[in-house]
Amino acid sequence: MKGWAWTLGLAVLLSGGAARAHLARNTAVLLDIGERSVEAELQMPLDQLALALTQSFDAVPADVIRERAAELPAYVREHLKASTPDGRPFEVEVGTVGVQRVEDGDCLVAHVTLRAPPGASARAFTLTDTLVLHQVMNHRALVSVRRDFHTGLFGESQEVVGVASAQMPSLLIDRTHGSWWTGFRAVFRLGLRHIAEGTDHLLFLLVLLLPAPLLAHGGRWREPDRLGASLARVLGVVTAFTVGHSLTLAAAAVGVLRLPSQPVEVLIAVSILVSAVHAVRPLFPGREHLVAAGFGLVHGLAFATVLAGMGFDSGALAMSILGFNLGIETMQAAVVLLVLPWLLLWSRAPGFTVLRIGGAAVGGAAACGWVLKRALDVSTPLGPWAEAASGHAWVGLVVLAAVALAMSRRGRRAALG
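Below, the structure is looked at part by part.

Conventions we followed
- Residue positions within a chain follow its written sequence, with the count starting from 1.
- Where totals are concerned, whole chains, interfaces and linings use all residues; where local detail is concerned, this predicted model gives features only for residues with pLDDT of at least 70, and gives and counts side-chain atom pairs only at 80 or more.
- Side-chain metrics in this entry use all non-hydrogen atoms of the structure; hydrogen atoms and water are not considered.
- Helix numbering and strand numbering both begin at the N terminus, where a helix is a DSSP run of H or I of at least 4 residues and a strand a DSSP run of E of at least 2.
- Atoms considered for the radius of gyration are the C-alpha atoms alone. The globule rule reads 2.2 Å times the number of residues to the power 0.38.
- The classification of residues rests on relative accessible area computed with a 1.4 Å probe and restricted to protein chains. Under 20% of the type maximum is buried, over 50% is exposed, and intermediate values are partly exposed.
- Between two residues, a contact is recorded if the distance between any of their heavy atoms is within 4.5 Å.
- Each accessible area is a Shrake-Rupley estimate made with a 1.4 Å probe; only the visible protein chains count as cover when residues are assessed.
- Only four residue types enter the tally: Lys and Arg on the positive side, Asp and Glu on the negative side, with His and both chain ends excluded.
- Here the site of a charge means atom NZ of a Lys, CZ of an Arg, CG of an Asp or CD of a Glu.
- Strands are labelled as partners when DSSP assigns at least two bridges between them.
- An axis is simply a line fitted to the C-alpha atoms; with a helix, the fit covers only the stretch in contact. Between two such axes, the angle follows the N-to-C directions and lies from 0 to 180 degrees.

Quick notes on the overall build of the protein chain
Counting secondary structure elements, the protein chain contains 13 helices and 11 strands. The globule rule puts the C-alpha radius of gyration for 417 residues at 22 Å, and the 28 Å found for the protein chain is more than 25% above it. With the principal axes as the frame, the protein chain shows a C-alpha extent of 105 × 45 × 35 Å. Among the 417 residues that make up the protein chain, the fraction classed as buried is 46%. If you take every contact in the protein chain between residues at least 6 apart in sequence, the share linking residues at least 24 apart comes to 73%. Accessible surface, the protein chain: about 19700 Å² in total, of which carbon and sulfur atoms supply 64%. Once the 34 positive and 31 negative side-chain charges of the protein chain are each reduced to a mean point, those two points are 12 Å apart.

Rendered as structure tokens:
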């Protein structure tokens, strides 16, 4: 009894002081809301957990966790509960438990699945959390929703929904105010933003389009092709790229296809480099659509990293893939529609070779920088320069349009003699 009293007293002192200095000393409960289940991530500060369990984790936390591998999941299962509004309990399944550095301190991080009983929704439930605070009276558990398709939360920000305390360990989580349409619009915007901010994806497409208005003869780019043929070639490239990345995006998002991110990112940089060389000298004239489809498969794997790990159930995941892909296609189509007319116009006027070679040089340099960084972790200013320049894309578009108009006018005057 005396030891328990000392522990409790120390817990009050430590947790009070910690709470004043660092909000991270509170437990964080992050919820990913689904239709039938909720994925919860619990981040319990080790010093606070040690007070609750009267067990020091200071020496080698990982060793202590290993020694108590069976006890800790049982502790989580005993102190974390959920039930429907009419009182039916959720099934509680404790997954991985381990130590992670969270902000300024070590935490015991546990992943828990809360499954609603048959016929019940997981979008409204009562959460009861007595972890740590069953012993440490002034401890708090900050409960936030991290992902919820129906309200457009995808992990980029969190919505605090309540605080559990020793005095009030239960709180009602009500997420019935969202809708499929709200989630679809949010993930569509996510797709738009991903392409708008994805310098390497856009650069690949733009560099591949640079020689699209031209005909290749004898290993060189020559005169402009017919307008209809040029448009058909561009449409083929964009469509093939879309089909390629859509396939791998869907496969990777549902977990059928998984590859480490590093080789994917390196291959994306290589795709830009290949396109840049092709813009200087035709490597695969007439087969641009096949190359676009092949590299589209690689780019789709990178797109899928945005959706991977969101923990959505099948319905939300299908809507996420559709909405995200439509956002990507819309932004791609907008970029092509804004850039292509000036490429076609300038390709029939003097000086287009300067744009083609210059654009290829910029794309190739940026690609080399990204390859070195992503494959060998060698930093160069090339990639960052390209990313910084993409922030002024509208200026580049205006300059392109102005120069294309001026060159076209100059070409017409020269033709008239």
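Topic: the sheet that holds strand S8 (residues 153-165)
The sheet built from six strands is open, its strands ordered S4-S5-S2-S1-S7-S8 with mixed pairing. Sheet topology places strand S4 (91-102) and S8 at the edges, where each strand pairs with a single neighbour. Each strand axis lies, on average, 20° off the axis of its neighbour in the sheet, ignoring direction. Two strands pair when backbone bridges link them, and strand S7 (residues 140-148) and S8 are joined in this way by eight bridges, in the antiparallel orientation. What sits directly across from Arg-147, in S8, is Phe-154. Where helix H4 (residues 71-79) meets the sheet, it contacts strand S2 (37-45), S4 and strand S5 (105-115), and its direction lies at approximately 120° from that of S4.

Overview of the side chain of Thr-113
As for its position among the elements, Thr-113 is in strand S5. The exposure class assigned to Thr-113 is buried, which follows from its relative accessible area of 11%. Residues contacting Thr-113, with those up to four places away along its chain left out, are Ser-37, Val-38, Glu-39, Glu-91, Val-92 and Glu-93.

A short note on unusual backbone geometry
If you check the backbone angles, Val-132 has positive phi at about 70° while not being a glycine. Among the structural elements, Val-132 can be located in the loop between strand S6 (124-129) and S7. Overall, Val-132 belongs to the buried group, its relative accessible area being 0%. Phi is positive for Asp-377, close to 60°, though the residue is something other than glycine. Secondary-structure assignment places Asp-377 in the loop between helix H11 (352-376) and helix H12 (382-390).

A few points about the sheet that holds strand S9 (residues 170-174)
Hydrogen bonding along the main chain pairs the strands of a sheet, whether they run parallel or antiparallel. Read from one edge to the other, the open sheet built from three strands follows the order S3-S6-S9, with strand pairing classed as antiparallel. Each edge of the sheet is formed by a strand with only one pairing partner; in this case those strands are strand S3 (80-83) and S9. With strand direction ignored, the average angle separating the axes of adjacent strands in the sheet is 25°. Two elements, S3 and S6, share four bridges in a ladder whose sense is antiparallel.

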